[in-house]
Amino acid sequence: MAPVVTTDVVVVGSGPAGAAMALALARLGVDHLVVTRYETLAAEPRAHITNQRTMEVLRDLGVSDRVEALATPQDLIGTTTFCTSLAGEELGRVRSWGTDPHSQAAHRLASPARICDMPQNLMEPILVQAAQREGSRIRFSTEYLGHTQDDEGVTVEVRDRLRDDTYEIRARYLYGADGGRSRVAEDAGLPMRGEMGVAGSLNIVFRADLSPWVAHRPSVLYWVLQPGSDVGGIGMGVVRMVRPWDEWLTIWGYDVADGPPDLSDEYCRGLVRALVGVDELDVEILGRSAWTVNHMVAERYSTGRVFCGGDAVHRHPPSNGLGSNTSIQDSFNLAWKLALVVRGEAGPELLETYTAERAPIGRQVVDRANQSIGETGRIFDALGVSGTDDPEVMRANMAARREPGADKQRRALREAIAFKAYEFDAHGVELNQRYVSAAVVSDDLSPDPLATAEDPELHHVASTTPGARVPHVWLAGHGGDVSTIDLAGHGRFTLFTGPGGESWPASELVRVVVVGPGHEIEDPYGDWARLLEAEGIGDSGAVLVRPDHHVAARFASLPDDPATTLSTTLQQVLRR
Ligand code: FDA
């Protein structure tokens, strides 16, 4: 069978990973074709927390304004509440997603972008429509069936599900963003480690006005402790805001050994009413699904010309809200590398740095998300309800904490709830990604402060250490204030230098930004200069930032021959 179409990259899937890859490739001018199984995009809200790093990526991809316009903003998502039902007893709260005043300051210092809540069924259309506007070809109702690869490229077999016929696409590269049951990853023989189906969970999407029980403590998550809420699931029952305050989703566990219950209207309505705690609540059921908690990661993200990203290579529960964030970031890491290799500006070995850089992140995310489920057990322990689902025993043990002498129990509960910051405010997990690979030139200018940080999971540590994301600093341009993050990216390398560094050479591939008095970009607060000085980089030195905002290399001062130094460094980074 002769291929019906040829292209540079075939993308399988139009979820967060596939859609972000399509948009990034389109903006980079790489010819590509997306095939996706269904006629429509995700109908369920699924992933939602969209962290600062992802919002930075979306700024680069030109869609952050559209996302912000539809998302629920940070101010309305952070009063994570633990209760016996929404109308029942409140057990405690934890300020989340950067809404604690200390954390809020850390968020504002770390990034030009704000965390927000963006349901997946609203995110996917924004990415896909923007990709189409930029030139993506997207084939809906088209299923990936298999592939073969040779020295020149990949032949991908697909089925048109409307006509029920198959055809072949010939491409230079294949990107499998086909989710948690990835056939591309399987066909590519990616080595997977871990376990699928660790626990069972139900999603019930519903419409109901819950404002009487939430308006005074606005949040995306209300955690409900009731008999059975420690069985399966993600630690407890959850009532999750989809749209404030009339569209919601409940998450409730089931024992995987028994399989999911019959999700009849009656069952779904009963569960919703029990978690809200209002027997006669007017509920319209919008959707229902059963899914499993997984703890699975690929040890390698590619085989030859076939790459995978998103849930295809890391499968984990929604705890910490990292699912689609990590998927979008995978694609952002790989897209510029594919573009430069396809254009012949980088050697194919650059693509091998994708696994080296993203697999450790995937492993950390999968472990962190699963660990967060276990840590919810501390709340059950503190309340004295572990190991029982007898409502009377639970009620009596929980009531004991009201007694004057129950200081120890009250303290234990306070601490157990506060400890959940590792799930709901893990700023470091979101932003401290460090890449170690052949596309990063390490140096000994200054040690990475992350190595000695007090709590790198909770706190962001800014550094120009090669491999780190370039720190965000507000600088001033003629058009107004601009972040270092926004100056970088957009498919090019960016070399930040200062007075005395004017002779670093700019090119098509490298934008040179001279920061200093009298230059196009100034540093009126002195924050950038202060940061560089502390890290051993003088004014004429430089920080070379890759198209994905991560530092490729840095230089203490202007070398004798900056053109040769830069070209040698780029040759090393780009493997050419
Ligand atoms: P994703 O699964 O989103 O997309 C895969 C794409 O590939 C789809 O477009 C699919 O149609 C396509 N595809 C699959 N096989 C194909 C084939 N053979 N041929 C062509 N196309 C194919 N996360 C979270 O953080 N919070 C949450 O509450 C939830 N809730 C949730 C509920 C349910 C029911 C699910 C299934 C998942 C979640 N998640 C979640 C996880 C989150 O949705 C997930 O991490 C991201 O969607 C991953 O994005 P990907 O693009 O990698 O895969």
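Small disclaimer: the values here were computed from a predicted structure and weren't measured.

The rules we used
Residues numbered from 1 in each chain as written. Predicted model: local features only at pLDDT ≥ 70, side-chain atom pairs only at ≥ 80, totals over all residues. Heavy atoms only, no water. Core = buried A, V, L, I, M, F, W, Y, C linked by side-chain atoms within 4.5 Å. Buried < 20%, exposed > 50% of the residue type's maximum accessible area, 1.4 Å probe, protein only. Helix = DSSP H or I, 4+ residues; strand = E, 2+ residues; numbered from the N terminus. Domains from an automatic or database assignment. Contact = heavy atoms within 4.5 Å. UniProt positions renumbered as here; feature names shortened; annotations may be inferred. Pairing = 2+ DSSP bridges. Right-handed = clockwise from strand over helix to strand, strands pointing away. Salt bridge = Lys/Arg side-chain N within 4 Å of Asp/Glu carboxyl O. Polar contact = N/O pair within 3.5 Å; in protein donor to acceptor, adjacent residues only side chain to side chain. Near = heavy atom within 4 Å. Areas by Shrake-Rupley, 256 points an atom, 1.4 Å probe, with all protein chains shown as cover. Nonpolar A, V, L, I, M, F, W, Y, C, P; charged D, E, K, R; others polar. Phe/Tyr/Trp six-rings, centres within 6.5 Å; stacked < 30°, edge-to-face > 60°. Lys NZ or Arg CZ within 6 Å of the ring centre and 35° of its normal. Axes fitted to C-alpha atoms, helices over the stretch in contact; angles between N-to-C directions. Buried area = accessible area lost by both parts, 1.4 Å probe.

1. Some words on the nonpolar core
When a protein is soluble and globular, its nonpolar side chains tend to lie buried together. Counting 89 residues, the largest nonpolar core has L174, Y175, F493, L544 and L574 as its most contacted members. Counting residues per element, this core draws most heavily on helix α9 (residues 323–342), at 10 residues. Summarising the domain contributions, this core has at least three residues from each of domain 1 (5–71 + 118–191 + 299–358) and domain 3 (434–574). Among all residues touching L174, those that are not within four sequence positions of it are V10, V12, Y144, H147, V154, V156, V184, R305, V306 and F307. In terms of nonpolar packing, the next biggest core, distinct from the first, is built from 58 residues, F82, V205, V224 and I234 among them.

2. A closer look at the UniProt feature "domain: FAD-binding" (unreviewed entry) in the protein chain
Under the present numbering, the feature "domain: FAD-binding" (unreviewed entry) in UniProt falls on residues 7–369. A helix fraction of 30% and a strand fraction of 31% characterise residues 7–369, whose end C-alpha atoms lie 37 Å from each other.

3. Some points on the pairing of strand β1 (residues 5–12)
Counting buried positions along β1 gives 7 out of 8 residues, so the element sits mostly inside the fold. When β1 meets strand β11 (residues 165–176), the two strands line up parallel, connected through 7 bridges. Paired with V10 across the strands is L174, a residue of β11. When β1 meets strand β2 (residues 32–35), the two strands line up parallel, connected through 4 bridges. Along β2, the bridge assignment pairs V10 with L33. The parallel pair β1 and β2 is bridged by helix α1 (residues 16–27), and the resulting crossover is right-handed.

4. With respect to the pairing of strand β16 (residues 284–298)
Bridge count between strand β12 (residues 192–207) and β16: 13 bridges; the pairing is antiparallel. Within β16, the position partnered with E195 by the bridge is H295. In this sheet, strand β19 (residues 314–315) lies alongside β16 in antiparallel orientation, the contact comprising 2 bridges. What sits directly across from V297, in β19, is H314.

5. Notes on the pattern of salt bridges
Summed over the entire model, instances satisfying the criterion amount to 34 salt bridges. Across the pair E357 and K337 runs a salt bridge whose closest N-O atoms are separated by 2.7 Å. Residue E357 is located in helix α10 (residues 353–375), and its partner K337 is located in helix α9; the two are separated by 20 residues in the primary sequence. Looking at E357, the relative accessible area reads 0%, which means it is buried. K337 sits in the buried class, given a relative accessible area of 0%. Where salt bridges share partners, they join R37, E143, R159 and R161 into one cluster.

6. Structural notes on the side chain of T569
With respect to the element layout, T569 can be found in helix α18 (residues 562–574). Judged by its relative accessible area of 8%, T569 falls in the buried class. A polar contact is formed between the side chain of T569 and the backbone oxygen of T565, at a distance of 2.7 Å. Beyond its immediate sequence surroundings of up to four residues, T569 is in contact with V441, L544, A553 and F555.

7. Overview of the site of the ligand
Surrounding the ligand, one finds 29 residues, the nearest of these being S14, A17, Q120, Y144 and D311. R37 is positioned such that a nitrogen or oxygen atom in its backbone is 3.1 Å from a nitrogen atom of the ligand. Note that an oxygen atom of the ligand is positioned 3.3 Å from one of the side-chain N or O atoms of R240. A total of 990 Å² of accessible area belongs to the ligand in isolation, and the protein chains cover 86% of it. Those elements that place two or more of their residues in the shell around the ligand are α1, β9 (142–149) and α9. The class makeup of the residues in the shell around the ligand is 8 nonpolar, 14 polar and 7 charged.

8. Overview of the packing of aromatic side chains
Within this structure, the stated rule accounts for 13 aromatic pairs. Plain terms: the ring middles of F82 and W223 are 6.3 Å apart, the flat faces sit at 25° to each other, and that makes the pair stacked. Of this pair, F82 sits in strand β5 (residues 79–83) while W223 sits in strand β13 (residues 221–224), and the two are 141 residues apart along the sequence. When sorted by exposure, F82 lands in the same class as W223, which is buried. One residue, R305, lies across the ring of Y173, its end atom 5.1 Å from the ring centre. R378 extends its terminal NZ or CZ atom over the ring of F419, reaching a point 3.7 Å from the ring centre.

9. Brief notes about the sheet that holds strand β22 (residues 493–497)
Pairing within the open sheet is mixed, and its 4 strands lie in the order β23-β22-β24-β25. Edge positions in the sheet fall to β23 (510–514) and β25 (551–555), since each has one partner strand and no second. Ignoring strand direction, the axes of neighbouring strands in this sheet form an average angle of 15°.

10. Focus: the domain arrangement of the protein chain
When cut into domains, the protein chain gives domain 1 (5–71 + 118–191 + 299–358), domain 2 (377–419) and domain 3 (434–574). Here domain 1 and domain 3 have C-alpha centroids that lie 29 Å from each other. Contact with domain 1, which involves 18 residues of that partner, is made by 22 residues of domain 3. Taken over both partners, the interface formed by domain 1 and domain 3 buries close to 1600 Å², and the fraction arising from carbon and sulfur atoms is 53%. When the area that domain 1 buries against domain 3 is broken down by residue, the three leading residues are D60, W336 and E357, summing to 34%. Along the contact surface separating domain 1 from domain 3 lie 3 salt bridges. In this structure, R469 engages E56 in a salt bridge whose closest nitrogen and oxygen atoms are separated by 2.6 Å.

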